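Residue strings, one per chain:
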Amino acid sequence: SVIGQIFATYIIAESGDEMLLIDQHAAHERLKYEELIRELAEKKLYPQVLLEPVIVSLNGSEMAEYTKNAEILAQFGFENEEFGEREIIIRTSPLDVEWADVESLFLELLTKCSSGRKEVISDKFQRMIYTIACKAAIKANHVLTKAEMEKLVYEVLSLPNINTCPHGRPIIIKMTKKELEKQFKRIV
């Protein structure tokens with residue numbers, strides 16, 4: 001059962017004789033990542049229409065990268081087109097990405113498209129998915145309602161043997177009652 005939220009970043013929950021400390025951003029990011037993977041596999045990725053299009057100015061190398069990867073960006077939900085010599089107008093974006101984050105996400109994805117970049121996840125498609133998941137996830141310091149916390153905890157505990165966000169950070173830290181009592185010097 002969910003007990004509450006601390007520092008508006010972590011959820012405290014109880015499971016049997018264990019206390020669970022859950023990083024809400026990492027948990028939601030993992031859930032978004034799994035959802036994106038599923039939607040892409042089923043070809044059911046639904047972008048959101050932006051009420052106000054976003055215009056992104058690119059430098060020469062970014063424009064070249066855009067030209068090479070416009071179709072991949074479209075697969076992730078960016079309905080976009082060239083708008084002038086070095087500008088792109090974006091009319092849709094991946095679902096749940098806030099309008100204020102669309103430009104930075106688009107530019108970050110262009111950077112990840114670069115073939116010379118070395119990362120833990122080498123496939124650019126995977127890098128793009130976890131970047132979108134990160135931007136779409138609730139942020140640290142975002143205060144959740146009790147219902148939102150319970151839903152997040154239930155969903156993350158339903159994941160089969162997954163306890164890291166796509167970047168590899170832990171989602172849940174567990175501590176038994178005995179370990180907690182040792183910390184407070186109640187037992188030796």
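Above this text is the structure in question.
A brief look at the structure comes next. From a predicted model like this one, the values you see are computed outputs, not experimental measurements.

### Remarks on the overall build of the protein chain
Part 1 of the argument: Check the secondary structure of the protein chain and you find six helices and seven strands.
Part 2 of the argument: Taken from the N to the C terminus, the helices and strands of the protein chain come in the order β-β-β-α-β-α-β-β-α-α-α-β-α.
Part 3 of the argument: Based on the C-alpha atoms only, the size of the protein chain along its principal axes is roughly 70 × 35 × 30 Å.
Part 4 of the argument: Put simply, the protein chain has 188 residues, and 39% of those count as buried.

### Digging into the state of the cysteines
Part 1 of the argument: A complete count under the given rule lists zero disulfides for this structure.
Part 2 of the argument: Of the cysteine sulfurs around Cys-134, a residue in no disulfide, the closest is that of Cys-165, at 7.6 Å.
Part 3 of the argument: A relative accessible area of 1% means that Cys-165 is categorised as buried.

### With respect to unusual backbone geometry
Generally, phi is negative for residues other than glycine and the peptide bonds are trans, each holding for most cases.
Part 1 of the argument: Even without being a glycine, Asp-96 presents a positive backbone phi close to 75 degrees.
Part 2 of the argument: In this fold, Asp-96 is placed in the loop between β6 (87–93) and α3 (99–113).
Part 3 of the argument: The phi dihedral of Asn-161 is positive, around 55 degrees, even though this residue is not glycine.
Part 4 of the argument: Looking at the element boundaries, Asn-161 is found in the loop between α5 (146–157) and β7 (172–176).
Part 5 of the argument: Residue classification places Asn-161 among the exposed residues on the basis of a relative accessible area of 83%.

### Quick notes on the sheet that holds strand β5 (residues 79–82)
In any sheet, the strands associate via hydrogen bonds between backbone groups, in a parallel or an antiparallel arrangement.
Part 1 of the argument: What the three strands build is an open sheet, ordered β4-β6-β5; its pairing is antiparallel. The open sheet is flanked by β4 (48–57) and β5, the only strands paired with a single partner. Adjacent strand axes in the sheet meet at a mean angle of 15 degrees, parallel and antiparallel pairs treated alike.
Part 2 of the argument: Strand contacts of helix α2 (residues 60–75): β4, β5 and β6, with the helix running at about 145 degrees to β5, the strand carrying the most contacts.
Part 3 of the argument: In the packing of α3 onto the sheet, contacts are made with β4, β5 and β6, and the angle to β4 comes to roughly 50 degrees.

### Let's talk about the side chain of Glu-29
Part 1 of the argument: Relative to the helices and strands, Glu-29 is located in helix α1 (residues 24–41).
Part 2 of the argument: Judged by relative accessible area, Glu-29 falls into the buried class, the value being 0%.
Part 3 of the argument: In contact with Glu-29, not counting residues within four places along its chain, are Tyr-130, Ala-133, Cys-134, Ala-137, Cys-165, Pro-166, His-167 and Arg-169.

### Re the packing of aromatic side chains
Part 1 of the argument: With the rule as written, the count across this model stands at two aromatic pairs.
Part 2 of the argument: Consider the rings of Tyr-66 and Phe-106, whose centres lie 6.2 Å apart with planes at 45 degrees: the pair is tilted. Linking Tyr-66 in helix α2 with Phe-106 in helix α3, this pair joins segments that are 40 residues apart in sequence.
Part 3 of the argument: Judged by relative accessible area, Phe-106 falls into the buried class, the value being 0%.
Part 4 of the argument: Judged by centre distance (5.3 Å) and plane angle (75 degrees), the ring pair of Phe-78 and Phe-106 falls under edge-to-face. Taken together, the positions of Phe-78 in the loop between α2 and β5 and Phe-106 in helix α3 put the pair 28 residues apart, joining distant regions of the chain.
Part 5 of the argument: A connected cluster of aromatic rings, assembled from ring pairs, spans Tyr-66, Phe-78 and Phe-106.

Definitions and cut-offs
- Residues numbered from 1 in each chain as written.
- Predicted model: local features only at pLDDT ≥ 70, side-chain atom pairs only at ≥ 80, totals over all residues.
- Heavy atoms only, no water.
- Helix = DSSP H or I, 4+ residues; strand = E, 2+ residues; numbered from the N terminus.
- Buried < 20%, exposed > 50% of the residue type's maximum accessible area, 1.4 Å probe, protein only.
- Disulfide = S-S within 2.5 Å.
- Pairing = 2+ DSSP bridges.
- Axes fitted to C-alpha atoms, helices over the stretch in contact; angles between N-to-C directions.
- Contact = heavy atoms within 4.5 Å.
- Phe/Tyr/Trp six-rings, centres within 6.5 Å; stacked < 30°, edge-to-face > 60°.

Such coordinate-based values are descriptive only and should not be taken to indicate function.
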